[in-house]
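# Structural overview for review
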Amino acid sequence: MRRPRTAITAVVALAALALTLGGCSSSGGRSSEDKGSGSPSGGKAVNTPRLKIAMVTHSGEGDTFWDIVQSGAKQAAAKDNVDFLYSADKEGQQQAQLIQAAIDQKVDGLVVTLAKPEAVKDAVKKAVAAGIPVVTINSGADSSKALGALGHIGQDEGVAGQAVGDELTARGRKKVLCVIHEQGNVSLEQRCAGVKETFKGTVENLNVDGTNTPASTSSIEAKLQSAKDIDAVVTLGAPMAAAAVRAKGDAKSSAEIDTFDLNAAVIKQFKAHRIGFAVDQQPYLQGYLAVDELWLNKTNGDVIGGGRPVLTGPAIVTEKDVPTLEKYTARGTR
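Quick look at the overall build of the chain now. Counting its regular elements, the chain contains twelve helices and twelve strands. For the chain, buried positions account for 53% of its 334 residues. Restricting the contact set of the chain to residue pairs at least 6 apart, pairs at least 24 apart contribute 74%. As displayed, the chain offers around 14,200 Å² of accessible surface, 49% of which is attributable to carbon and sulfur atoms.

So, in structure tokens, the structure goes:
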């Protein structure tokens, strides 16, 4: 597993402080044992006051990436004595309405994604103005500080794309199809732009509807049939990788399929030699750290990373990493 030098994570101190705050009380606290025995951080919950934290993302239907993010958030919530609320909508205006709904519920903290920052910026500013601390995750790092968020947790999408471009060049590829599964999502556009910056060949973008897998598969297949010189397809999410694999087979193409993000299905594709490499941004960590930071801010006044983005990736993962990662993807934490 290879990480670009610029992808430095700042999480050790946070984890240490969380353990300290969770175990320093002399009043006993509540003793509800976390039942998720397969998770990385089991144990008893803290005895700090009960908090309500909402997460509002741009997830579309069927995107397993967000299941992993939620898994991390729920684990942190169990530890931190937090009532965790989750909602999502791929449309920016609807996401803004969900943020407003969280404000109306008077939540103690808010986690949001900024895939379409222009659509949600006013709602985020309302939350901050209402005294609700906000942490942004996954997308929109460039907009996070201006909207008043405590900080951003995720990978640098441009850096991630550049790492992919370098990897494709090292693999001798000449023409790449970069598949954007949500048009208008700034993070996905930054990934493809990053690929173009470092890849020595040519890159062509293809917009598809990530919530319609059959249509997406057909679009990729048609492109591979019409452009026989495409020798690599880069998908920007694990679910779309499976669609690209099917499209490659139907088009009888020899193009290598590579993808952003991991899940159990991608690991299976690795074992079947159908995917060349994947980019891991550790979504479990994004959910976990976001909830933990809001808890720490409320109970100890902490802001991790000094308000600067805390990077959870990228790391280039290949078939040789399967023995290490398989058990984690199987339980839904990688």
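Here the narrative resumes, following the displayed structure.
This part takes up unusual backbone geometry. For the peptide bond that leads from G313 to P314, omega is 10°, which places it in the cis range. Tracing the sequence through the fold places P314 in the loop between strand 11 (310-311) and strand 12 (315-318). Located in the positive-phi region is N138, a residue other than glycine, with phi close to 70°.

Within the secondary structure, T324 is located in helix 12 (residues 322-330). On the accessibility criterion, T324 (48% relative accessible area) is partly exposed.

Let us now look at the sheet that holds strand 3 (residues 109-112). The strands making up a sheet associate through hydrogen bonds between their backbones, and the pairing can be parallel or antiparallel. Spatially, the six strands line up as an open sheet ordered 2-1-3-4-5-11, and their pairing is parallel. Edge positions in the open sheet fall to strand 2 (82-88) and strand 11, since each of these has one partner strand only. Of the pairings in the sheet, the one linking strand 3 to strand 4 (residues 134-137) comprises three bridges and is parallel in character. Note on strand 4: the bridge partner recorded for V111 is V135. Helix 2 (residues 65-80) contacts strand 1 (51-57), strand 2 and strand 4 of the sheet and is inclined by roughly 160° relative to strand 2.

Across the chain, the average pLDDT comes to 89, with 87% of residues at 70 or higher. Contacts from residues 5-37, a stretch scored under 50 in pLDDT, to residues over four places away or in other chains number 49 contacts.

The next point concerns the pairing of strand 3. The alternating pattern of strand 3 places G109 and V111 and L110 and V112 on opposite faces, both of which are buried. Examined bridge by bridge, strand 1 and strand 3 share four bridges and lie parallel to one another. Among the inter-strand pairings, I53 is bridged to a residue of strand 3, identified as G109. Following the chain from strand 3 across helix 4 (residues 117-129) to the adjacent parallel strand 4, one finds a crossover that is right-handed.

Conventions we followed
Residues numbered from 1 in each chain as written. Predicted model: local features only at pLDDT ≥ 70, side-chain atom pairs only at ≥ 80, totals over all residues. Heavy atoms only, no water. Helix = DSSP H or I, 4+ residues; strand = E, 2+ residues; numbered from the N terminus. Buried < 20%, exposed > 50% of the residue type's maximum accessible area, 1.4 Å probe, protein only. Contact = heavy atoms within 4.5 Å. Areas by Shrake-Rupley, 256 points an atom, 1.4 Å probe, with all protein chains shown as cover. Pairing = 2+ DSSP bridges. Axes fitted to C-alpha atoms, helices over the stretch in contact; angles between N-to-C directions. pLDDT = per-residue confidence, 0-100. Right-handed = clockwise from strand over helix to strand, strands pointing away.

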